[in-house]
Amino acid sequence: MDRKTGIDLGTSRLRVCVKGRGIVYDEPSAAAFGADGELFAHGDAAARMIGRTPPDLSAVRPLSGGVISNFENCVSLLTAVFSKLGLRGVISRPKIAVSVPNGITEVECNAFENVCVASSGGRDVMMLIKQPMAAAVGCGVDVLGTRGRLICDIGGGNTQTSVILYKGIVASGMVRIGGDQLDDAIVRYMKDSYNIAIGRQTAEKIKLAAGSAHTVTERGEYDVSGRNIFTGQVVRTVIRSAETREAMSEVLERIVEHIKSVLEKIPPELSADVYEGGLTLCGGTALLPGIDMLLRERLGMEVNVTKDPARAVIRGTETILGSAGELLEVVSAGDEFI
Ligand SMILES: Nc1ncnc2c1ncn2[C@@H]1O[C@H](COP(=O)(O)OP(=O)(O)OP(=O)(O)O)[C@@H](O)[C@H]1O
Ligand SMILES: [Mg+2]
């Protein structure tokens with residue numbers, strides 16, 4: 001039985017959909033390996049082990065900045081997930097559509113394709129979908145319409161901003177900045193302001209619990225435990241929501257500048273449509289409280305966070321898999337899909 005399978009292999013999370021079955025997997029892009037190099041955990045279980053494995057074991061994230069940073073680990077992860085989902089093997093051969101960031105190099109793009117082929121048992125039937133197109137479809141943006149629509153996907157390791165107009169992307173840009181860089185900024189802040197060393201996982205917890213991008217979305221405090229960088233002792237402190245804003249401000253500013261740089265590329269005839277339509281925001285980092293207000297103020301246009309923004313790309317991929325004709329034709333990044 002052939003199964004049409006869609007994949008969003010993101011820096012933070014791996015999401016898989018199967019035509020007719022919906023989203024069947026949504027867990028961290030993480031894999032844990034034993035001393036023999038064999039994978040023994042993936043997804044949530046592996047993510048829990050990052051930064052806390054004994055010396056002979058390792059737990060890793062095989063993507064960084066939106067692209068594959070460790071090919072073999074990625075193949076191991078995806079192979080395990082395909083097996084778990086019953087998508088690997090002679091009888092159930094998946095036909096795979098994988099979404100790729102727009103603006104990556106050919107080598108980086110090929111890595112996505114090769115990982116999928118290797119993981120699914122050597123099948124070569126592939127479609128590469130441009131992520132902004134999948135995101136737009138997942139956000140309900142009319143990709144066949146004739147009015148330019150602006151969409152921004154702020155993920156874990158990259159931010160992609162695109163203007164979509166009748167069957168194509170007319171302006172776009174990508175920066176390798178996302179939620180990971182916000183976490184790193186919180187790590188730096190704790191070190192510089194409190195002399196406390198924390199890991200990225202703890203920084204992410206702070207961001208999720210107390211993070212705020214705008215004064216209007218002030219949140220509570222968060223109790224942090226970490227190691228004093230001078231004494232080595234474990235110490236506790238409290239970080240306020242306003243401090244997360246201070247910590248993240250520079251990275252958020254770079255995201256603003258990136259979106260502005262894409263707006264500058266819009267053909268003049270389209271500008272009015274784009275400004276009128278506003279910005280559709282998706283990706284997990286779109287859930288950061290106040291990010292929509294910050295962008296609204298800094299860009300001078302309406303900003304709407306789409307429903308369930310982190311799943312926009314995989315939702316769109318699922319819709320594309322279930323569609324025929326024009327939609328399939330416009331989203332394909334080139335390769336044929338049967
Ligand atoms: N409620 C929230 N507040 C702030 N950030 C959040 C929230 N929920 C998720 N995130 C962040 O969203 C990011 C993950 O987003 P997403 O799932 O879109 O990434 P991804 O698709 O795996 O990565 P990429 O597309 O960059 O390769 C993480 O950095 C995570 O911390
Ligand atoms: Mg993504």
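Residues numbered from 1 in each chain as written. Chains lettered and ligands numbered in written order. Predicted model: local features only at pLDDT ≥ 70, side-chain atom pairs only at ≥ 80, totals over all residues.

### Here's the deal with the site of ligand 1
Argument step 1. Taken together, 22 residues form the shell around ligand 1, and within it Gly 10, Ser 12, Gly 155, Gly 179 and Gly 284 come nearest.
Argument step 2. Elements with a contribution of two residues or more to the shell around ligand 1: helix 5 (179-194) and helix 6 (200-210).
Argument step 3. Looking at the shell around ligand 1, the element that brings in the most residues is helix 6, giving three residues.
Argument step 4. In terms of residue class, the shell around ligand 1 is built from four nonpolar, 14 polar and four charged. (Near = placed C-beta within 6 Å. Helix = DSSP H or I, 4+ residues; strand = E, 2+ residues; numbered from the N terminus. Nonpolar A, V, L, I, M, F, W, Y, C, P; charged D, E, K, R; others polar.)

### Re the domain arrangement of the protein
Argument step 1. Along its sequence, the protein is organised into domain 1 (2-133 + 313-331), domain 2 (140-177 + 249-310) and domain 3 (179-248).
Argument step 2. The straight-line distance from the C-alpha centre of domain 2 to that of domain 3 is 27 Å.
Argument step 3. Listed as interface residues are 16 residues of domain 2 and, on the opposing side, 15 residues of domain 3.
Argument step 4. Classifying every residue of the side of domain 2 that touches domain 3 by side-chain character gives eight nonpolar, seven polar and one charged. (Domains from an automatic or database assignment. Contact = placed C-beta atoms within 7 Å.)

### Some points on the environment of Leu 39
Argument step 1. Tracing the sequence through the fold places Leu 39 in strand 5 (residues 39-42).
Argument step 2. Spatially, the C-alpha atoms of Leu 39 and Asp 192 are 37 Å apart, while their sequence positions differ by 153 residues.
Argument step 3. Not counting residues within four places of it along the chain, the set of residues in contact with Leu 39 comprises Ala 31, Ala 32, Phe 33, Ser 76 and Ala 80.

### Overview of the sheet that holds strand 15 (residues 222-228)
Argument step 1. Within the open sheet, the three strands sit side by side as 14-15-16. Their pairing is antiparallel. Single-partner strands in this sheet number two, and they are strand 14 (196-197) and strand 16 (234-239).
Argument step 2. The pairing of strand 14 with strand 15 spans two bridges and is antiparallel. Looking at the pairing, Ile 196 lines up with Asn 228 of strand 15. (Pairing = 2+ DSSP bridges.)

### Concerning the packing of helix 4 (residues 131-138) against helix 10 (residues 312-321)
The relative placement of two packed helices comes down to the angle between their axes together with the axis-to-axis distance.
Argument step 1. Running from amino to carboxyl end, helix 4 crosses helix 10 at an angle of 85°, the nearest separation of the two axes being 6 Å. With respect to each other, helix 4 and helix 10 are oriented roughly perpendicular. Between helix 4 and helix 10, the residues in contact are Gln 131, Ala 134, Ala 135, Ala 136, Val 137 and Gly 138 and Ala 312, Val 313, Arg 315, Gly 316, Thr 317, Thr 319 and Ile 320, respectively.
Argument step 2. The residue makeup of the contact of helix 4 with helix 10, split by class, is seven nonpolar, five polar and one charged. (Axes fitted to C-alpha atoms, helices over the stretch in contact; angles between N-to-C directions. Parallel < 35°, antiparallel > 145°, perpendicular 65-115°, else oblique.)

### Examining the packing of helix 7 (residues 241-263) against helix 9 (residues 291-299)
Argument step 1. Relative to each other, helix 7 and helix 9 sit at 50°, their axes nearing to 11 Å. Here helix 7 is positioned oblique relative to helix 9, judged by the angle of their axes. Remark: the crossing between helix 7 and helix 9 carries right-handed chirality. Residues Leu 252, Val 256, Ile 259 and Lys 260 of helix 7 form the contact with helix 9, whose own contacting residues are Leu 294, Leu 295, Arg 298 and Leu 299.
Argument step 2. Looking at the contact of helix 7 with helix 9 residue by residue, the classes come out as six nonpolar, no polar and two charged. (Left-handed = near helix turned anticlockwise from the far one by under 90°.)

### Description of the sheet that holds strand 4 (residues 31-33)
Two pairing modes exist for strands in a sheet, parallel and antiparallel, and in both the strands are linked by backbone hydrogen bonds.
Argument step 1. Pairing is antiparallel across the open sheet formed by three strands, whose spatial order is 5-4-6. Bordering the open sheet on either side are strand 5 and strand 6 (58-60), each of which pairs with just one other strand. On average, each strand axis in the sheet is inclined to that of its neighbour by 20°, with strand direction left out of account.
Argument step 2. When strand 4 meets strand 6, the two strands line up antiparallel, connected through three bridges. Directly across from Phe 33, in strand 6, lies its bridge partner Ser 58.
Argument step 3. Those strands touched by helix 2 (residues 71-84) are strand 4, strand 5 and strand 6, and its axis lies near 70° from that of strand 5.

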